[in-house]
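Structural description and commentary
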Amino acid sequence: MEILRVENLTFYYPNAENPAVDGITLSVNSGEFIVVCGESGCGKTTLLKLMKKELSPVGKKSGSIYYNGILQENLDLKTSASEIGYVMQNPDSQTVTDKVWHELAFGLENLGVPSDIIRRKVGDMASYFGIQNWFRKNTSELSGGQKQLLNLASVMVMQPKILILDEPTSRLDPIASSDFTATLQKLNRELGLTIILVEHNLEEVFALADKVLLMDKGKALFFDRPENIADIKTEHPLLLGLPSAVRIYNALDIKDDCPLTVREGKDFLERHFKPKDEILPEYVHSETISVELKNVWFRYEKDLPDILRGTSLKVYSGEFYCILGGNGAGKTTALNVISGLDKAYRGKVLINGRQIKEYKGNSLYRHLLAFLPQDPQTVFIKDSVKGDLTEILEAMEIPKRIREEKISAIAEKTGIVHLLSKHPYDLSGGEQQKCALAKILLSEPKILLLDEPTKGLDACYKQVLKEILSKLKQEGITIITVTHDLEFAAENADRCALFFDGEILSADIPEKFFSENSFYTTHANRMARGLWKYAVTVGQVVMKAKEN
Amino acid sequence: MKNYNPFVLMFYFLAVVIISAFSENPVLQISALLGGILFCAIVTKSSETAGNIGFYVPMFFIIAVTNPLFSHNGATPLFFLNGNPVTLEAFVYGGAIAVMAIGVMLWCKCYSEIMTTDKFLYIFGKTVPKLSLVLSMALKFIPMYKQQTRRVSRAQKAMGLYSSKSVTDKIRSHARVFMAMVSWSLENSIETSSSMKARGYGLKGRTNFALFKFGADDLILLAVIVILLGVTVFGIITGETRFYYYPRISTLKFSAAYIAFGFFSLLPFIIEAKEAIKWRYYVSKI
Amino acid sequence: MKKRLSYFIIFPIIPAVVIAGAVLFSEKMYAWISLCVVFLSCIPFFLAFEKRETSVRRLVLIAAMTALSVIGRIIFTPLPGFKPVTAFVVLTAMYFGPQAGFMTGALSAVISNFYFGQGPWTPFQMFSWGIIGFIAGLLSGQLKKNKVILCIYAVFSGVMYSMLMDIWTVLWADGYFNISRYLMAVVSAVQFTIIYAVSNVVFLLLFSKPIGKMLDRIKEKYNL
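Everything in this summary refers to the structure shown in the same document. Predicted model, so just to flag it, every value in this text is computed and none were measured.

1. Some remarks on the packing of aromatic side chains
- Applying the stated criterion across every chain, the model contains 42 aromatic pairs over all chains.
- For the pair F298(A) and Y300(A), a centre-to-centre distance of 5.0 Å together with 85 degrees between the ring planes defines the contact as edge-to-face.
- On the numbers, 5.1 Å between centres and 85 degrees between planes, the contact of F120(B) with F114(C) is edge-to-face. Placement of the pair is F120(B) in helix α5 (residues 117–127) and F114(C) in helix α4 (residues 85–116), with the two residues belonging to separate chains.
- Since its relative accessible area comes to 22%, F114(C) is described here as partly exposed.
- Every member of this aromatic cluster is reached through a ring pair, and the members are Y12(B), F13(B), F39(B), W107(B), Y111(B), F261(B) and F264(B).
- Above the face of the Y12(A) ring, K60(A) is positioned so that its terminal group lies 4.7 Å from the ring centre.
- A cation sits over an aromatic face here: K186(A) above Y128(A), 4.4 Å from the ring centre.

Printed below as a string of structure tokens:
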């Protein structure tokens, strides 16, 4: 049964020349799981907001939206509020109240549901989502994953028929994000809930989807079953965001069904190719050490447990070094210790051969070391990107006449020339990331520390970031990054290290590192490891297949 | 005590504080002080006890002594200081003010421990729902903003833009971070409002949900409170508890109000002690 | 109309409570009366706020400004008296009107006292900051245009806050209002009054431009 129909929908923001949504027509059946993807700024958020009456942006709209056969304009406000659920990106700011139980009750209060019924419904929902253990907590005490689960639960408690989610996992770490996706799948399977999900990390959700909507410049490029995605033969950067199996299939041009999951991909490869022994590539590195940790111990407070327990690591000059590891293992803390934000209570931290405490004042952060934090918004202070860039040059005491020059050079390098005059908060996540990177690069560092640089970025921006980082590497900058993104590490790192139980366990080139891990490895490697042991990225798998 | 209905608790606290603050009768004030001390001893952590004694005892003497130095009313001079009489009445009155002030402070402390924000919001939510929602949001924002301030200041430090060379530099760095946080918080508030709209805020006929119930226990406690309070107020109205310090200290007459208010201010202690004894009894049985 | 109705309900209650209290506590009558008057005079503002349609965005912004002023008060705990609360209250009033100003002021007092301790002084602080915000809202046009007027208002609000709180101090200690005693209290608190006034001027001058710009931006971007 059709639950939502969009007919020829076009939408212009005020004073905009091009439409944000351009002639979209689609129909969603009850119980379907729809995944929407597209480059940021392609109009997917606008489309989603238009589907939810309360959030419709101001602008010129034509075409129509029907919910259950009722034209949106005629839809009763109460029905719209309760039956169309909407979950946003940021886990923090969409929480309204200070207590978990109150947050769960908030929607029902708005609908005017009597207290005793609220009590029952909230209890029902809290048990289903496993919230009972933190039911009486303050919302501020929850982890990001718990917060987003709470946001989902407090929408679900209103018993929506359709659930619309706008990149709900982009601020979460991969484990919390998997849990969240699993919950969505459960809701879809067990309750028959219709789900429309915008997501940029398609590796997991692609196979769950009944239909995929691919958007580009406000238009629907593709709206069909996921296995038919191979039918669109374009070189669109969007296709980089597809699951590894689909990308391998697309690159190989073999007549067969399109694989979606690791299992299908593995079968597909084994059907068509033969195993072959391989030699591990050799790794050459510079002999100078740019960052070294020697038996470093750290804890936040005296009576808290140690987070770094004798951590040691060596990063050679000009190297791209990735620290991988589970959640809360202390990877970020290790980075903080290298950046001088946190001070080790035992052991040595050497930057370019000198102890970190010998760098007085801000000298560590001038022409030497720069740190890009997880949330790029924390980097901005001024009301324009240019203002922020100028600020750091002022602090560096760069004379006025060469400031312009430096700014345009860095803007060119990071591709933010068109963003300079904008307010940092008006930018998309990917744009903010680029601008933040530009700002910290102005201190002309030799060592660049990145904390989860790909969090929340779509495939296109990941590609852009990859290009910028490889440019920097060519200039001889040492890059150390902490990440959960195995694909990103496999594609970019010179060496990867596993962080576990307060220590760096092993550091190796990605080919060796991933092929020796049975679980902690890339999707591409999982599919291909039976055939070609050392193929860890999609590119490598495709190359091996073509050689075969 | 803390598990009773917030309305009952609020009523009780207000009654104790108002009577001990505004009546000038020493018996009422001393019993309020005693009740406050015992209640405080129960609700605060034992590690804080030493600190509390160190704070309130000197405070008591400071308040008690200042009055006779400044007030020279009273008919019974004890001695002269700089040509001004220091009177017995002023001394006693100073003591009485100290009893009252410390008593009220202790009760306010207990209030803060017992009447947590959710109870306060429950009371407000029943009377002024919109205001209570704003309060709840503000209470949610505060820890969020604190965290953001910390994040921003660390990010700025790692860029070498957060300097601590001199005091002015430090203040400027603080101010920059604070401003960035203000800007961030205002931008983020828009998403909060979208989330509220998406969940139907603003529809007609909004209800108010709370975890608190009004049960039989609450009714019993309320009845006890009303009876004891009634006897006390009756005593005050009829003037039985009337008491003067100036020009001469008046004498105390017996009143049932004293017994009633004595029990009244000891109520939390009695309830807590009873529960503690019961608890021990059950534990010993296991 | 509804607004007027609420005033009609409130006004008979004020004298009733006051008289009842005065009979009960004849000695400390004035302290009691002042506390009641101050608390009850907040109520019409609250009720008006309750009745009036406020857009969701404004509501959240009021909460955000309140939270910011509380954080400001917490950050500056080491410097007694030197607080940005008034500045935030005045700024909210300038950009969102007298009612929002009153709410931010009154709520800041209540919430920050969750951290600093509640007491009989809470209603006084609520009223003082509230009324400072209310007046600032009425004068918003002039305050926005003219820096000098803004400074004058900053000083005025510091002095007013101090003097309103002194009333309470005197009544609390003495039980009656003695003008000479009050003047003494005002004089003895003069260094605080000066700190209030100076901190208000400093924070308002520091904040009015950047935060004003942010508020204007928000107002424009989301057409409030």
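2. Considerations on the interface of chain A and chain B
- The interface is formed by 61 residues belonging to chain A together with 51 residues belonging to chain B.
- Between chain A and chain B, roughly 4900 Å² of surface is buried when both sides are summed, and carbon and sulfur atoms account for 57% of that area.
- Taken as a group, W101(A), N110(A) and R119(A) account for 13% of the area that chain A buries against chain B, more than any other trio of residues on that side.
- At the boundary of chain A and chain B, one finds four salt bridges.
- A salt bridge links E103(A) to R199(B), with the nearest nitrogen and oxygen atoms 2.6 Å apart.
- If you list the elements that add at least two residues to the side of chain A that touches chain B, you get α2 (77–83), α3 (100–111), α4 (115–128), α5 (144–156), α11 (385–395) and α13 (429–441) of chain A.
- A total of 10 residues in the side of chain A that touches chain B trace back to one element, the largest contributor, which is α3(A).
- Tallied by class, the residues present in the side of chain A that touches chain B amount to 27 nonpolar, 19 polar and 15 charged.

3. Some thoughts on the environment of L368(A)
Residues and elements named next belong to chain A.
- Following the sequence through the fold, L368 ends up in the loop between β15 (354–355) and β16 (369–372).
- Here L368 falls in the buried class, since its relative accessible area comes to 8%.
- Aside from chain neighbours lying at most four places away, what touches L368 is I351, N352, Y359, S363, E444, P445, K446 and I447.

4. Thoughts on the nonpolar core
- The biggest cluster of nonpolar side chains holds 148 residues, and the ones touching the most others in it are M137(B), F141(B), Y145(B), M196(B), F264(B) and F207(C).
- With 18 residues, α4(C) is the largest single contributor of residues to this core.
- When neighbours within four sequence positions are excluded, F141(B) is seen to be in contact with T192(B), V60(C), A63(C), A64(C) and A67(C).
- Counting 74 residues, the second largest nonpolar core, distinct from the first, contains L142(A), V212(A), C258(A) and A528(A).

5. Section: the side chain of T378(A)
- Assignment of secondary structure puts T378(A) in the loop between β16 and α11.
- Among the residues examined, T378(A) registers a relative accessible area of 2% and is labelled buried.
- Ignoring sequence-local partners within four residues, the contact set of T378(A) consists of P373(A), Q148(B), R151(B), V152(B), A155(B) and Q156(B).

6. Quick notes on the interface of chain B and chain C
- Contacts between the two partners involve 49 residues from chain B and, on the opposite side, 56 residues from chain C.
- Of the roughly 4900 Å² buried where chain B meets chain C, counting both sides, 80% is carbon and sulfur surface.
- It is F22(B), K130(B) and L186(B) in chain B that bury the most area against chain C; as a group they hold 16% of the surface buried on that side.
- Our count for the contact surface shared by chain B and chain C stands at two salt bridges.
- Joining chain B to chain C, the criterion identifies six residue pairs in polar contact (both at pLDDT 80 or more).
- Per element, the largest residue contribution to the side of chain B that touches chain C is 14 residues, and it comes from helix α7 (residues 167–198) of chain B.
- Looking at the side of chain B that touches chain C, its residues break down into 35 nonpolar, eight polar and six charged.

7. So, a positive patch on the surface
- Residues K294(A), K314(A), K348(A), K357(A) and K360(A) make up a contiguous surface patch of positive charge.
- Counting through the fold element by element, K348(A) comes out in strand β14 (residues 346–351).

8. Focus on the sheet that holds β15(A)
Residue and element names in this part refer to chain A.
- Strand order in this open sheet of four strands is β12-β11-β14-β15, and the pairing throughout is antiparallel. Single-partner strands in this sheet number two, and they are β12 (308–316) and β15.
- Inspection of the sheet shows strand β11 (residues 289–298) paired to β14 by five bridges, in the antiparallel sense. In the sheet register, W297 faces β14, and the bridge partner there is R346.
- Here helix α10 (residues 331–338) sits on the sheet and contacts β11, β12 and β14; the angle it forms with β11, its principal contact strand, is near 115 degrees.

9. Here's the deal with helix α1 (residues 44–51) of chain A
- When you tally the buried positions in α1(A), you get six out of eight residues, the bulk of the element.
- If you check which residues of α1(A) are buried, you get K44(A), T46(A), L47(A), L48(A), L50(A) and M51(A).

10. Concerning a nonpolar patch on the surface
- Together, V65(B), L69(B), F70(B), L78(B), F79(B), L81(B), L88(B), F91(B), V92(B), I249(B) and M184(C) line one region of the surface with nonpolar side chains, adding up to about 950 Å² of accessible area.
- Those elements that provide at least two residues to the nonpolar patch are α3 (49–70), β1 (77–81) and α4 (88–114) of chain B.
- Structurally, F70(B) can be placed in helix α3.
- On the basis of relative accessibility, which here comes to 57%, the residue F70(B) falls in the exposed class.

11. Regarding α3(B)
Residues and elements named next belong to chain B.
- A rise of 1.5 Å per residue sets the reference length of α3, with its 22 residues, at 32 Å; its end C-alpha atoms lie 32 Å apart and thus fit the reference within 8%.
- All buried positions along α3 are accounted for by N52, Y56, I63, A64, N67 and P68. One side of α3 holds all its buried residues, which, seen down the axis, span an arc of 125 degrees. Turned more than 90 degrees from where α3 packs its buried face, A50, F61, I62 and F70 sit exposed.
- On its buried side, α3 packs onto β2 (84–87) and α4.

Cut-offs used in this document
Residues numbered from 1 in each chain as written. Chains lettered and ligands numbered in written order. Predicted model: local features only at pLDDT ≥ 70, side-chain atom pairs only at ≥ 80, totals over all residues. Heavy atoms only, no water. Phe/Tyr/Trp six-rings, centres within 6.5 Å; stacked < 30°, edge-to-face > 60°. Helix = DSSP H or I, 4+ residues; strand = E, 2+ residues; numbered from the N terminus. Buried < 20%, exposed > 50% of the residue type's maximum accessible area, 1.4 Å probe, protein only. Lys NZ or Arg CZ within 6 Å of the ring centre and 35° of its normal. Contact = heavy atoms within 4.5 Å. Buried area = accessible area lost by both parts, 1.4 Å probe. Salt bridge = Lys/Arg side-chain N within 4 Å of Asp/Glu carboxyl O. Nonpolar A, V, L, I, M, F, W, Y, C, P; charged D, E, K, R; others polar. Core = buried A, V, L, I, M, F, W, Y, C linked by side-chain atoms within 4.5 Å. Polar contact = N/O pair within 3.5 Å; in protein donor to acceptor, adjacent residues only side chain to side chain. Patch = residues over 30% accessible without salt bridge, like charges linked within 9 Å, V, L, I, M, F, W, Y side chains within 5 Å. Areas by Shrake-Rupley, 256 points an atom, 1.4 Å probe, with all protein chains shown as cover. Lys, Arg positive; Asp, Glu negative; His and termini not counted. Charge placed at Lys NZ, Arg CZ, Asp CG, Glu CD. Pairing = 2+ DSSP bridges. Axes fitted to C-alpha atoms, helices over the stretch in contact; angles between N-to-C directions. Expected span 1.5 Å × (residues − 1). Arc of directions from axis to C-beta.

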